[in-house]
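Given next are the chains, with one letter for each unit.
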Amino acid sequence: MANKQKLFYVATLKQSKPFDFVRSYIEIDSNLLVLDLEAALAAKYAESHDTFTANKAFPDLKTLLQKATCATAEDLIGEAFRERRTLVVLLHRKPSHTPATSVEDQDDSEVNDVVGQLRQDFSKYVKGVMEGKTPSVAAKSSNYNEIQGSDVPLLDGRFNGKAGGQTAAPPIEIYHPAFGAFSKRCKDPELEVPNDVLCHTASLLRSVSKISVQEASRDSETRVILAKILGVSCEHVMNLNQTLSDLTSVQHTLQSINAAPVLVEVKGELGVDGSDPSVQASFSYARFYCNLKRTAVRKRSCCPAFLVGLAGPWLVIMGAVLTSRVIVQRLSPYEWLGCSRVLDDDQVLQVARRLYALRLSIADLKEYYQNLPSPVVQPNHIHPRFCPFINSFSLDGKDVSFVYVQPLERDPSSVIFKAVRCDTQSPIVIKFARRYGEAAHKWMADKRLAPKLLTCKSLGADYDDLLLVVMEFVDGQTLHDAYDSTKPLPKDVRDSVRKALDVLAQGDFVFGDLRRPNVMLENENEGEELEVPLEKRIRFIDFDWAGREGSGLRYPFHSASVVLEASGASENDPITRAHQDKMFEKL
């Protein structure tokens, strides 16, 4: 590397001597930012030291003098460092206590439950991302296909045709409010776009209408215009392996580590280098936040960010988070920016509205990272990183807070969680749904054939009108867990389910997803003298596809094959009692 220099640091110990001087050095590229230097220092020395962040008057002699009691700081530094033009960094040793176990560094013996397994799986995923191909190489279609069939895929909806696997994920809006706010602003006809943003947008449209044969030329021109529109300063950030990430607007955190509210990938034209800029931006995001330097940020958040892909006259805006996997979702389709029509000021207004909405939402994320607190992780509870940020619901006119315990499905696409109410400490189930058979659920709950439904409310336009469903937790097992799936259910269990379906029919309801995972057998209460009849322990728990027959209820598109095969239905078919009965026969 060019312009290498030695870096010295001062270590202070709580002993008789005020300072012990240790000579060390770290190689840096003089073209990097000071913030990157600080991150490199933290990565190298954070295990045994806390760092004092340098200010503009660094070294901070006042701080040194406060620490020094037997000699002046000038004398101490002068004796230890006789070379000029050196950089001195002050560190102090952490208190001698057993450090808290890292969320990402757990022993195999601790992986004995869902929480531990999720933690270990996350550590392996982060390591796998950093050991993988660089973003520009990974984004090429053949490599992208290989990665999507591996253990470290992006959850972006694209999958390897041979390997298969689930790459869809929960709606990204539930992980941070900035994404829902962006979508809402884009649809707001009252959003007033400043004139300078309109003019810069017009410049952008003219710029990308010009055919580019060199990526660097496009990159240089559009970078300046985009930075003005989005109100950010986009920089190239160097990864540990010296590969340049995409244009990145960094935000300093309380942990003295850079976060990235937005990453931008620019291509001269669509298809250049055999990769899609939206895919390369996604891999750059994964690489940025799985970097060792950003461990402190990962321990505090799901690392929300906006991603922008620009290829010639095509623009796409995405959202990304890091939960148990990297989730990337398109918040806008690829939009044509070319000036192909005269008398078309509306195009400028429409594009400018979307970009200004992005600007405001990036500002939301910058503020979020500026004040990033340390989360409270309760014992035997999953880290908040893996959970939606929504943590309360309304009940009888009062807000009820809750804490997530664990997902109830061992899959990154899970939208159902076990939680605990903060007021009563009672366990509940939290579920996010696009639609829900609220009336059917209440009907069965009144007959004690389903858990009590506490609420089923829309989260509103900020969350794309998703439903928040909250119900009491059932202590028991699903029929899938309780019985061998290769054998028929015992006769008394089948008879009990049949009786429950007869009760459902009395309300003119049908249950469109009658499979073993959606029917539970509640445990008997300890201490009860009389055995509870099995039919009184049956609980139906999933009413997404339940409702009145003939009311327009249909199987959704992209329904799982296990549902369609069991019911004999096709996607988008009206859900009928015949489908329910066919599923019962195969139960």
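The sections below set out a description of the structure shown in this document. Everything quoted here is computed from the prediction, not taken from an experiment.

When you go through the protein chain residue by residue, the secondary structure sums to 17 helices and 22 strands. When burial is assessed residue by residue, the protein chain has 49% of its 587 residues classed as buried. Once local pairs closer than 6 in sequence are excluded, the contacts in the protein chain between residues at least 24 apart make up 62%. Taken as a whole, the protein chain presents about 29,300 Å² of accessible surface, with 50% of it coming from carbon and sulfur.

Our next topic: the packing of aromatic side chains. If you walk through the whole model with that rule in mind, you get 17 aromatic pairs. An angle of 85° between the planes, with centres 5.2 Å apart, marks the rings of Phe-402 and Tyr-404 as edge-to-face. The same class applies to Phe-402 and to Tyr-404, which are both buried. Members of the aromatic cluster, connected to one another through ring pairs, are Phe-393, Phe-402, Tyr-404 and Phe-417. Against the face of Phe-288 rests Arg-294, its NZ or CZ located 3.6 Å from the ring centre. Taking NZ or CZ as reference, Lys-418 lies 4.5 Å from the ring centre of Phe-473, over its face.

On the basis of which strands lie adjacent, the open sheet formed by six strands has the order S12-S13-S14-S15-S17-S16 and antiparallel pairing. Each of the sheet's edge strands pairs with one partner strand only, and the pair in question is strand S12 (392–395) and strand S16 (453–458). With direction set aside, neighbouring strand axes in the sheet form an average angle of 35°. Alignment of strand S14 (residues 416–421) against strand S15 (residues 427–433), held across five bridges, turns out to be antiparallel. The partner of Phe-417 across the bridge, within S15, is Ile-430.

Time to look at the environment of Leu-315. The topology assignment puts Leu-315 in strand S9 (residues 314–322). You can call Leu-315 buried: its relative accessible area is 2%. With residues near it in sequence (within four places) discarded, Leu-315 still touches Val-308, Gly-309, Leu-310, Pro-333, Tyr-334, Glu-335, Leu-337 and Leu-355.

This part takes up the pattern of salt bridges. Here the idea is simple: oppositely charged side chains can pair when their charged atoms come close. Under the definition given, this model contains 20 salt bridges. Here Asp-462 makes a salt bridge to Lys-184, at a shortest N to O gap of 3.5 Å. Here Lys-184 lies in helix H7 (residues 177–187) and Asp-462 lies in the loop between S16 and strand S17 (467–472), a separation of 278 residues in the sequence. A residue is classified by how much of its surface remains accessible, and Asp-462, at 27% relative accessible area, is partly exposed. Since its relative accessible area comes to 44%, Lys-184 is described here as partly exposed. We note a salt bridge from Arg-354 to Glu-335, for which the minimum N-O separation is 2.9 Å. With a gap of 19 residues between them, Arg-354 in helix H12 (residues 345–370) and Glu-335 in strand S11 (residues 335–336) connect regions that are remote in the sequence.

So, about the sheet that holds strand S18 (residues 476–478). Taken in spatial order, the three strands line up as S18-S20-S21 in an open sheet, and their pairing is antiparallel. Edge positions in the sheet fall to S18 and strand S21 (538–540), since each has one partner strand and no second. The average undirected angle you get between the axes of adjacent strands in this sheet is 30°. As defined by bridge partners, strand S20 (residues 519–522) adjoins S21 across three bridges and the pair is classed as antiparallel. Of the residues in S21, the one forming a bridge with Val-519 is Phe-540.

All right, on to the nonpolar core then. Ranked by internal contacts, the top residues of the largest apolar core, which has 100 residues, are Tyr-285, Tyr-289 and Phe-306. Here this core takes ten residues from H12, the largest share from any one element. Ignoring anything within four residues of it in the chain, the contact list for Tyr-289 reads Ala-259, Ala-260, Pro-261, Arg-294, Val-297, Arg-298, Cys-303, Pro-304, Ala-305, Leu-322 and Tyr-369. Val-429, Leu-453, Leu-521 and Ala-566 belong to the second largest nonpolar core, which has 43 residues in total.

In this section: the pairing of S12. Judged by which residues are buried, S12 turns out to be one-sided: Phe-393 and Leu-395 face inward and are buried, whereas Ser-392 and Ser-394, on the alternate face, are not. Pairing geometry for S12 and strand S13 (residues 398–407), over four bridges, is antiparallel. Bridging from a neighbouring strand, Leu-395 pairs with Lys-398 of S13. In textbook terms, the turn of a hairpin is the stretch between consecutive antiparallel strands, and for S12 and S13 this stretch comprises two residues, one of which, Asp-396, has a positive phi near 55°.

To continue, consider the packing of helix H8 (residues 195–209) against H12. The contact between H8 and H12 brings their axes to 9 Å, and the two run at 115°. Put simply, H8 runs roughly perpendicular to H12. The handedness of the crossing between H8 and H12 is right-handed. Where H8 approaches H12, its residues Asp-196, Val-197, Leu-198, Thr-201, Ala-202, Leu-204 and Leu-205 are matched on the opposing element by Gln-347, Val-348, Leu-349, Val-351, Ala-352, Leu-355, Tyr-356 and Arg-359. Along the lines of polarity and charge, the residues of the contact of H8 with H12 split into eleven nonpolar, two polar and two charged.

Backbone geometry places Asp-465, a non-glycine residue, at a positive phi of 60°. With respect to the helices, strands and loops of the structure, Asp-465 is situated in the loop between S16 and S17. Assessed through its relative accessible area of 45%, Asp-465 is described here as partly exposed. With a phi close to 65°, Asp-508 is a non-glycine residue in the positive phi region.

Attention now goes to H8. Because each turn of an α-helix spans 3.6 residues, side chains separated by three or four positions in sequence point in the same direction. With 15 residues, H8 extends 21 Å from end C-alpha to end C-alpha; this agrees with the ideal 21 Å at 1.5 Å per step. Taken together, the buried positions of H8 are occupied by Val-197, Leu-198, Thr-201, Ala-202, Leu-204, Leu-205, Ser-207 and Val-208.

Basis of the calculations
Residues numbered from 1 in each chain as written. Predicted model: local features only at pLDDT ≥ 70, side-chain atom pairs only at ≥ 80, totals over all residues. Heavy atoms only, no water. Helix = DSSP H or I, 4+ residues; strand = E, 2+ residues; numbered from the N terminus. Buried < 20%, exposed > 50% of the residue type's maximum accessible area, 1.4 Å probe, protein only. Contact = heavy atoms within 4.5 Å. Areas by Shrake-Rupley, 256 points an atom, 1.4 Å probe, with all protein chains shown as cover. Phe/Tyr/Trp six-rings, centres within 6.5 Å; stacked < 30°, edge-to-face > 60°. Lys NZ or Arg CZ within 6 Å of the ring centre and 35° of its normal. Pairing = 2+ DSSP bridges. Axes fitted to C-alpha atoms, helices over the stretch in contact; angles between N-to-C directions. Salt bridge = Lys/Arg side-chain N within 4 Å of Asp/Glu carboxyl O. Core = buried A, V, L, I, M, F, W, Y, C linked by side-chain atoms within 4.5 Å. Parallel < 35°, antiparallel > 145°, perpendicular 65-115°, else oblique. Left-handed = near helix turned anticlockwise from the far one by under 90°. Nonpolar A, V, L, I, M, F, W, Y, C, P; charged D, E, K, R; others polar. Expected span 1.5 Å × (residues − 1).

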